[in-house]
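Chain by chain, the residues run as shown.
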Amino acid sequence: MNSTPFAYAPAPESVRPALKPSYGLFIGGRFVAAKAGRSFKTINPATEEPIAEVADAGSHDVARAVDAARKAFPKWSKTRPAERAKLLFRIARRIQERSRELAVLESMNGGKPIKESRDEDLPLVVQHFFHHAGWCDKLPYAFAGAQPRPVGVCGQIIPWNFPLMMAAWKLAPALACGNTCVLKPAETTPLTALMLAEILQECGLPDGVVNIITGGPDAGRAITALAGKGVDKIAFTGSTEVGKAIAKSVAGTGVGLTLELGGKSPNIVFADAALDQAVEGVVSGIWFNQGHVCCAGSRLFIEESAHDDFVARLERRMQQLRVGDPLDKNTDVGAVNSKAQLETINRYLKAGSDEGAAKLEVSCALPKKGFWCRPTIFTGVQPSHTIAREEIFGPVVSVMTFRTPDEAVQRANNTTYGLSAGVWTEKAARALEMSNRLHAGVVWLNTFNRFDASAPFGGYKESGFGREGGRQGLASYVKVGGGR
Amino acid sequence: MSRSAGSARVEVAKTLKLYMNGAFPRSESGRTIPVKDARKRVVAHASHASRKDLRDAVEAANAAQAKWAAATAYNRGQVIYRIAEMLEARRGEFISLICAIEGRSKADATREVDHAIDRCVCFAGWTDKIASVLGGKQPVAGPYFVFSMPEPTGTVAVVAPDEQPLLAMVSLALPVIAAGNSAIVIAPMTNAPLAIALGEALATSDVPAGVVNILTGIRAELAPWIASHRDIAAVCGARLAAADAKALELGAAENLKRVCLFSEAPKFDDDAFWHSPFAIAPFVEIKTVWHPSAL
C-alpha cells in the first residue's frame, strides 16, 4: 500500500492504556494469584509481542470465585433495585470516561482496528450498562404479574471476538436482575475484562458480585462442572461445538442455560437493490472485525442477473480495504486474533480453492510479524462446498446465486445455523416477506451488523438459544413461575 | 323384538389407539399395554407407541407446522376456542374417566376438567396477543426501525406427567400450539383412555391434522428417541423422573433443542403462571428485524 502514490500517512492512536505488567484473578473484590501459581503471557496478535502476564485459573480458583459469588448473592439480590441501578449507571459512566483507553487495549490485545473498537465496541459496552442499569427497578413491569426473581450465581464464558462487549452483554443484564457472576474471558483476550474489574472495584460494586477468572478451556470446564453445585446458570458465547459440549455437561443438573453460538449467515442481494449500498453492507457484513463475527454475512446470495456486476463492484471496493496496524486510525481490517485462528482460516482458504471455487483477494502487502489474512471473495461456490457450509470465522465470503425469492429463502435456510440474515432490495413488501421467511434471530433489511442494547440478539436452531439485549434478553437472568 | 328381561346390556368398549395426523392408527409395533381401573381390573389395552410411531408423528407434525404457523393468530385463537367447546361437550366423559381409572372423587375430577377447559379458553385469547406482549418496537440509538417478534420454534415434544393428566396435557400443549408450533404429546399410560378422549375432542375441533398428535407410551422408552430426533425443535415436560430428564437434555444437546422441564413448581393449578405469556415464551424464538428509517 505504501508503494501507491496516494498512500495514507500512518495515523497511530496515541492514547496508551494504564496497563499493569501482570494481573491476578479477580475474586471477592481483590486480585489474587492462581493457587497453582500458574500464569501465561497474553500477546498483541499484530506484533506477537507479549503485553501482560495473566493468572491461569485452575478448578480450585474457579471454586473460590463461585464461593465468593455465592456469598455475595444474598445481599446483592436484596439490595434495593434503585440502588443497584445507581451502581450500574456509575459503571456505565466510568467506562465512558475511560473508553478510549479501553478501546486501545481492546485493539492491542485482540487485533481489531481501533476505528471499530472506538466507534462500535466501546459505545455498545457503555450503552449496555446504561440500558440495563435502568432495568434494575423496572423488572416487575418487564415480567408483569410474574414476580421475577434473580437466578443466583451465573457462570459466564465469553469469546475473543468482542471481548469487552461480550463481558458487558453478560454482566449488565445479570447484575440488573440481581444475580452475581463468575465471568471467564477468552484465553487470548483477557485484558479489557481485567481493566473492567478495576473499574467495578473503583465504582464500589460490592466484593464478590462480579468475579473474573482468566484461563483456558480448562477454567471454562471448571465453571460448567459446578453447574448445580454452586452455579445456578450458565451463559456461553462461542462456537456451536463447544456450546453442545456445555449443554451436555449441564444436562440433568437443573441449571438454566443460554447459548449464543456460531452462524453461517446469508446475505441476500436482489437485482433491484441499491447496489452500491448493498456493497457497503456486504463489506461490513463480512469484513467487520476480520470476519470474526458469529453473525457475519459469510454466504452471499446474489440474484443471478446482478451477479457479475455486483461481484465486480464488491471486488473493486474490497481492494480499497486497508489491512494492517490495528492501532492506525485508517485501518479497516486488523490482525487475526490468534495463530490458531489464522491456521483455521487458512485451512478453509485451501478447501475453497481445492473444491473448485474461484478466489479473489486483496492484493496489498501484509506486515511481516503478526497474524494476517487477506479479505477474500470466493465465487462459483456450490452449496455442498465446505466454505458454504462451515463457519470460517474469518474475512472470507462465499458467493452463490439464486433466481427466485423462493430459491433464495430455501438456500438461505438450508443450514443448521440461524443467527442472522441480510436482505437487500428496494421493494418494501419483498423485504418484509423475506424477513418473515428467513429462519434467523436477527434479520437486517438494507443494513447489516447493527447492534443495540435495546434490541435482542440471538439465534435460531444450532446458533443457540436465549437472547441478549432489551426486555427479551432479561428473561435469561430471571426466574418466573417455577420454570427456568 | 324386545330385550329379554334380566340380561344386562353389554357395554361397547372402546379400542384405544394413537392420535396422529388427524387419524387414529394403532401402534405400528402392534404392542399394547393393559389399562387398569382404580380397582385393578383391566378395562382396555392401550396402544404402546414405538420409536417408529414417534418418527411418523414428527413427520406429520412438521408437515402441519408451517401451515399452522402461517395461519393468522386470530384464526388460531378461534381454533383453540373450538377445542374448549369440544372439551366442554365431553366434560362428563373426562370426569368419569378420571374417577374410574384413577379412583379420584367426582368433585376432584370435576375441578380438574373444568380447570382444563377454562385454561383452553384462556389460551384461545392469547394467540393474537403474544406478539404484543413478548415482542415490540425497539428504541435503538440510531436511525433504524427495529422490531422484535415471537415466532414458533417448530415441532415440540410434550412429555406429560401422570398426575392431573388432563390439566397437565392441556397446560403443556396449549401454550405450544397457541404460539404456532405443533405438538407431539407423550401421554401418560396411567390414564390412556383419557388421553385418547382428548385426541377425539381435538379431532372434532378444527385443529388441522398433525398440529397435535397424542402417543400413549412409556416415557423412559421414548425419551432417548425424542432427544435424538433432529426434526424435533423443542421438548417440554413436567415432573419427569431424573433419569428421563437427563436423557432428554443430553440428547437435546446434539441439535440444541430447546428444553423446558418443569419440576414440582409451578403447580398446574397455578393460574398466575399457567395462564401467563411466560408459559408460552419458552416455545417461541424472538426474531429482531432492522431497517434503516432515514435516507
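If you're wondering where the values come from, they're calculated on a predicted model, not measured in any experiment.

Caption draft 1: Here's a closer look at the overall build of chain B. In terms of helices and strands, chain B carries 10 helices and 10 strands. Over its C-alpha trace chain B gives a radius of gyration of 20 Å, about what one expects of a compact globule, namely 19 Å for 295 residues. Its C-alpha atoms put chain B at 90 × 35 × 35 Å along the principal axes. Counting the 295 residues in chain B, one finds 52% classified as buried. Nonlocal contacts in chain B, meaning residues at least 24 apart in sequence, comprise 75% of its contacts between residues at least 6 apart.

Caption draft 2: Local environment of the packing of helix 3 (residues 91–102) of chain B against helix 4 (residues 106–126) of chain B. All names here are of chain B. Viewed as axis vectors pointing N to C, helix 3 and helix 4 meet at an angle of 135°, and their least axial separation amounts to 9 Å. As judged from the angle between their axes, helix 3 and helix 4 are oblique. The handedness of the crossing between helix 3 and helix 4 comes out as right-handed. Residues Arg91, Phe94, Ile95, Ile98 and Cys99 of helix 3 lie in contact with helix 4, whose contacting residues are Lys106, Ala109, Thr110, Glu112, Val113 and Ile117. A class-by-class count of the residues in the contact of helix 3 with helix 4 yields 7 nonpolar, 1 polar and 3 charged.

Caption draft 3: Inspection of the interface of chain A and chain B at higher detail. In this assembly, 38 residues from chain A lie in contact with 36 residues from chain B. Among the secondary structure elements, those contributing two or more residues to the side of chain A that touches chain B are helix 9 (240–250), helix 15 (428–437), strand 18 (442–445), strand 19 (464–465) and helix 16 (470–474) of chain A. Tallied by class, the residues present in the side of chain A that touches chain B amount to 17 nonpolar, 15 polar and 6 charged. The pairing of strand 18 of chain A with strand 10 (residues 284–292) of chain B spans 3 bridges and is classified as parallel. Each residue of the ladder has a partner; that of Trp444 of chain A, found in strand 10 of chain B, is Trp290 of chain B.

Caption draft 4: Main features of the domain arrangement of chain A. Residues and elements named next belong to chain A. Under the domain assignment, chain A is made up of domain 1 (22–261 + 461–479) and domain 2 (266–445). The gap between the C-alpha centroids of domain 1 and domain 2 is 30 Å. In this assembly, 22 residues from domain 1 lie in contact with 27 residues from domain 2. Looking at the side of domain 1 that touches domain 2, the elements with two or more residues in it are helix 3 (99–110) and helix 4 (114–135). The element that contributes the greatest number of residues to the side of domain 1 that touches domain 2 is helix 3, accounting for 4 residues. Per-class residue counts for the side of domain 1 that touches domain 2 are 8 nonpolar, 7 polar and 7 charged.

Caption draft 5: View of the sheet that holds strand 4 (residues 39–44) of chain A. Residues and elements named next belong to chain A. Across the sheet, 3 strands lie side by side as 1-5-4; this open sheet has mixed pairing. Taken across any chain shown, the strands that pair with only one partner, and hence form the sheet edges, are strand 1 (22–23) and strand 4. Of the pairings in the sheet, the one linking strand 4 to strand 5 (residues 49–55) comprises 6 bridges and is antiparallel in character. Counterpart to Lys41 in the pairing with strand 5 is Glu53.

Caption draft 6: Unusual backbone geometry, seen in detail. Residue and element names in this part refer to chain A. Despite not being glycine, Gln290 shows a phi value in the positive range, around 55°. One non-glycine residue, Asn449, lies in the positive phi region at around 55°. Tracing the backbone through its elements, the reader meets Asn449 in the loop between strand 18 and strand 19. The exposure class of Asn449 is buried, given the 22 C-beta atoms found within 10 Å.

Caption draft 7: The arrangement of the pairing of strand 16 (residues 396–402) of chain A in detail. All names here are of chain A. Along strand 16, 7 of the 7 residues are buried, which leaves the element largely enclosed by surrounding structure. Judged from the 5 bridges that link them, strand 13 (residues 299–303) and strand 16 form a sheet pairing that is parallel. Paired with Arg299 across the bridge in strand 16 is Ser398. Pairing between strand 15 (residues 376–379) and strand 16: 3 bridges, direction parallel. Considered in strand 16, the bridge of Phe378 is made with Ser398.

Reading the values: the criteria
Residues numbered from 1 in each chain as written. Chains lettered and ligands numbered in written order. Predicted model: local features only at pLDDT ≥ 70, side-chain atom pairs only at ≥ 80, totals over all residues. Helix = DSSP H or I, 4+ residues; strand = E, 2+ residues; numbered from the N terminus. Rg over C-alpha atoms; globule rule 2.2 N^0.38 Å. Buried ≥ 20, exposed ≤ 12 C-beta atoms within 10 Å, placed from the backbone. Contact = placed C-beta atoms within 7 Å. Axes fitted to C-alpha atoms, helices over the stretch in contact; angles between N-to-C directions. Parallel < 35°, antiparallel > 145°, perpendicular 65-115°, else oblique. Left-handed = near helix turned anticlockwise from the far one by under 90°. Nonpolar A, V, L, I, M, F, W, Y, C, P; charged D, E, K, R; others polar. Pairing = 2+ DSSP bridges. Domains from an automatic or database assignment.

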